[in-house]
Amino acid sequence: MSKPVAGIPHGATPACGETELLRMSHVTKRFPGVLALDDVSFDLRRGEVHSICGENGAGKSTLMKIISGQYLPDEGTLVYKGFERHFASSLEAQAAGIAIIHQELNLVPHLSVAENIFLAREPRRAFFIDRRRLRADAQRCLNRLGIDIDPGALVRTLSVAQRQMVEIARALSLDAEVLIMDEPTSSLTDAETGQLFRSIHELKQGGVGIIYISHRLDELTGITDRVTVMRDGRYISTDMFRDTTINQIVARMVGRSLEHTFPPRTSVPSSEVLLQVEQLTRVNVFGPVSFALRRGEILGFAGLIGAGRTEVARAIFGADPLDDGTVRFGNETLTIRSPVDAIRHGIAYLSEDRKATGLAVNMPVASNITLAHMQAVSNRFGLIRFAEEDAVARDYVEKLAIRTPGVRQIARNLSGGNQQKVVISKWLFRNSRVLFFDEPTRGIDVGAKYAIYELLDRLAAQGVGVVMISSELPEILGMTDRVAVFHEGQLATILDTRQTTQEEIMHYASGRPVRDDSPDRTEDSP
């Protein structure tokens, strides 16, 4: 439903300003035990990118869900193109010209790429779907983003990065006037991000207003016109991006200044080999791969999307089958046929897709934290001691600063970053000796990232072996002792992090020979 803003006759040209496209005034939204938004105001102009910054739990996603029709505000108004609107559903907002790219992917895995892009909007011939036109229209959307994905491929066969691009293609296919991008680059390569930014510039020139949310603050520089900061569900400030700095934005986000991106490393790896991987092979996927993880070491896995980093970690964890190779823990050769075997041996894996494989999203926070070690909070009959489970959960909520109204809150209702902290808590409670962290800071704000980095350093100082898989090279260089670089399923080299650079890592990751002017380095034979 819509009604004209006071003073504007129905059907007349809105008199709210030539460039203003959308305005939210004094919006408040409450959930049980949580004040998600507290008197927030925001506006968007035609042909601009307006970035919204804030820590996890600041209210960004809630605000976007109100704009896109998923929630109704408890208080406040939404004015769109000069008329007050009350969108009863996302489909109603979509029909009005508002599209959203969600932080958490919302694709149907058993349908094809083309079917997902045009879901509920399929071209028809009489009563039947026009499959040829559907495929051609989907191919045009994919070409617009410069990505090579078969429109007929089932979504469940795609990588997380490819699914993200399909989500973006679906939003672009709507030809929306307002496009909301919630962490669109969280799993994209630099090349894919560059192509997305080119599409953003084209959309701006066409008069589309874009609301952009990202924890990767450095990437805002090339696309942002204005930036709004939120904290704890409240509006803090709005500035022209050219008139502020990243450091000022961060200070407003967290309520304090952050002097360093990464904490000082206190852990020193020992010479003792904790995990030895030899000739690990999965035919047509990766291998042979060999490496050693030392006690107290943080070993980075770097490489382009599809290089095999995640696949190697999943195989060691028993989530995917192996064709050949051995895994030794100390002097013991392990037989790992499933994740249950790996967990029993003290190996943990934090998935890059927390929603699909990291969390039981419909279970409480406490149950998720104890899920991998339930016997520790159960009696001899296998019944859970809930008071003890809650006490354990409250301890981790405090240690990791998880923002939740209580440990019985359903995990689905937490922000993405807080969900990630819950998954990390699960493996910490298990007291695992080897931890594979696959994109551990994906979708996590700058303040929470620092806390995760401190946690990884503390784990290493306690003698835990940590493997950090990350697409962010500054993170690899800032937090690891050595970095294993993958290229097309092969382990290209292992480098001493202190003696390498982003450029050298990218040369190995892309399969190019290292330049003669590369810095001296210490290579470790795979």
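Criteria and cut-off values
- Residues numbered from 1 in each chain as written.
- Predicted model: local features only at pLDDT ≥ 70, side-chain atom pairs only at ≥ 80, totals over all residues.
- Heavy atoms only, no water.
- Pairing = 2+ DSSP bridges.
- Helix = DSSP H or I, 4+ residues; strand = E, 2+ residues; numbered from the N terminus.
- Salt bridge = Lys/Arg side-chain N within 4 Å of Asp/Glu carboxyl O.
- Buried < 20%, exposed > 50% of the residue type's maximum accessible area, 1.4 Å probe, protein only.
- Phe/Tyr/Trp six-rings, centres within 6.5 Å; stacked < 30°, edge-to-face > 60°.
- Lys NZ or Arg CZ within 6 Å of the ring centre and 35° of its normal.
- Core = buried A, V, L, I, M, F, W, Y, C linked by side-chain atoms within 4.5 Å.
- Contact = heavy atoms within 4.5 Å.
- pLDDT = per-residue confidence, 0-100.
- Patch = residues over 30% accessible without salt bridge, like charges linked within 9 Å, V, L, I, M, F, W, Y side chains within 5 Å.
- Areas by Shrake-Rupley, 256 points an atom, 1.4 Å probe, with all protein chains shown as cover.

Visitor: Help me understand the pairing of strand 3 (residues 34–45) in this model?
Guide: Two faces, one strand: in a regular strand the side chains alternate between the faces of the sheet. In this structure, strand 2 (residues 20–31) lies alongside strand 3, joined through eight bridges in antiparallel fashion. Each residue of the ladder has a partner; that of Leu22, found in strand 3, is Leu44. The hairpin turn running from strand 2 into strand 3, its antiparallel successor, is two residues long, and Gly33 in that turn takes a positive phi close to 80°.

Visitor: Would you mind going over the pattern of salt bridges with me for this structure?
Guide: Opposite charge on two side chains lets them pair, provided their charged atoms get close. Inspection of every chain in the model, using the stated rule, returns 32 salt bridges. A salt bridge links Arg226 to Glu48; its shortest N-O distance comes to 2.8 Å. Highlighted residues: Arg226 in strand 12 (residues 226–231) and Glu48 in the loop between strand 3 and strand 4 (49–53), separated in sequence by 178 residues. The same class applies to Arg226 and to Glu48, which are both buried. Glu272 is the partner of Arg295 in a salt bridge, and the nearest nitrogen-oxygen pair spans 3.0 Å. With Arg295 in the loop between strand 15 (286–294) and strand 16 (298–303) and Glu272 in the loop between helix 7 (246–254) and strand 14 (273–282), this residue pair connects regions lying 23 residues apart in the sequence. With relative accessibility at 32%, the residue Arg295 sits in the partly exposed group. In the salt-bridge network here, residues are joined through shared partners; they are Asp43, Glu48 and Arg226.

Visitor: What should I look at first to understand the packing of aromatic side chains in this one?
Guide: What describes a pair of aromatic rings is the distance from one ring centre to the other and the angle between the planes of the rings. One pass over the structure, following the stated rule, counts nine aromatic pairs. Each ring, one from Phe317 and one from Trp427, has its centre 6.0 Å from the other, and the planes form 85°; the classification is edge-to-face. Of this pair, Phe317 sits in helix 8 (residues 309–317) while Trp427 sits in helix 13 (residues 416–429); the two residues are 110 residues apart in sequence, bridging distant segments of the chain. Since its relative accessible area comes to 7%, Phe317 is described here as buried. The ring of Tyr396 has Lys399 sitting right over it, with the charged end atom 5.1 Å from the ring centre. For Arg433, the ring lying beneath its charged end belongs to Phe329, and the centroid distance is 4.1 Å.

Visitor: I'm lost on the nonpolar core in this one. Help?
Guide: Burial of nonpolar side chains together is a common tendency in soluble globular proteins. Counting residues in hydrophobic clusters, the biggest one holds 71 residues, and the most contacted among them are Phe291 and Ile347. No other element matches helix 14 (residues 446–461), which puts seven residues into this core. Among all residues touching Ile347, those that are not within four sequence positions of it are Leu275, Phe317, Phe329, Leu334, Ile336, Ala342, Val434 and Phe436. By size, the runner-up hydrophobic cluster in this structure holds 46 residues, among which are Ala99, Ile117, Ala138 and Leu145.

Visitor: Is there a simple way to explain the confidence of the model for the chain in this structure?
Guide: Of the residues in the chain, 93% have a pLDDT of 70 or more, and the chain-wide mean is 87. Contacts of residues 1–17 to residues separated by more than four positions or lying in other chains number 28 contacts, the stretch itself having pLDDT below 50.

Visitor: Help me understand unusual backbone geometry in this model?
Guide: In terms of backbone geometry, most residues other than glycine have negative phi values and most peptide bonds are trans. Cis geometry marks the peptide bond from Gly287 to Pro288; its omega dihedral reads -5°. As for its placement among the helices and strands, Pro288 is situated in strand 15. Unusually for a residue other than glycine, His26 sits at a positive phi of about 50°. Inspection of the secondary structure assignment puts His26 in strand 2. Non-glycine residue Asn284 carries a positive phi angle of around 70°.

Visitor: It is not clear to me how a nonpolar patch on the surface should be interpreted in this structure. Could you clarify?
Guide: A cluster of nonpolar residues, Met363, Leu371 and Met374, forms a patch on the protein surface that exposes about 210 Å² of accessible area. On the accessibility criterion, Leu371 (35% relative accessible area) is partly exposed.

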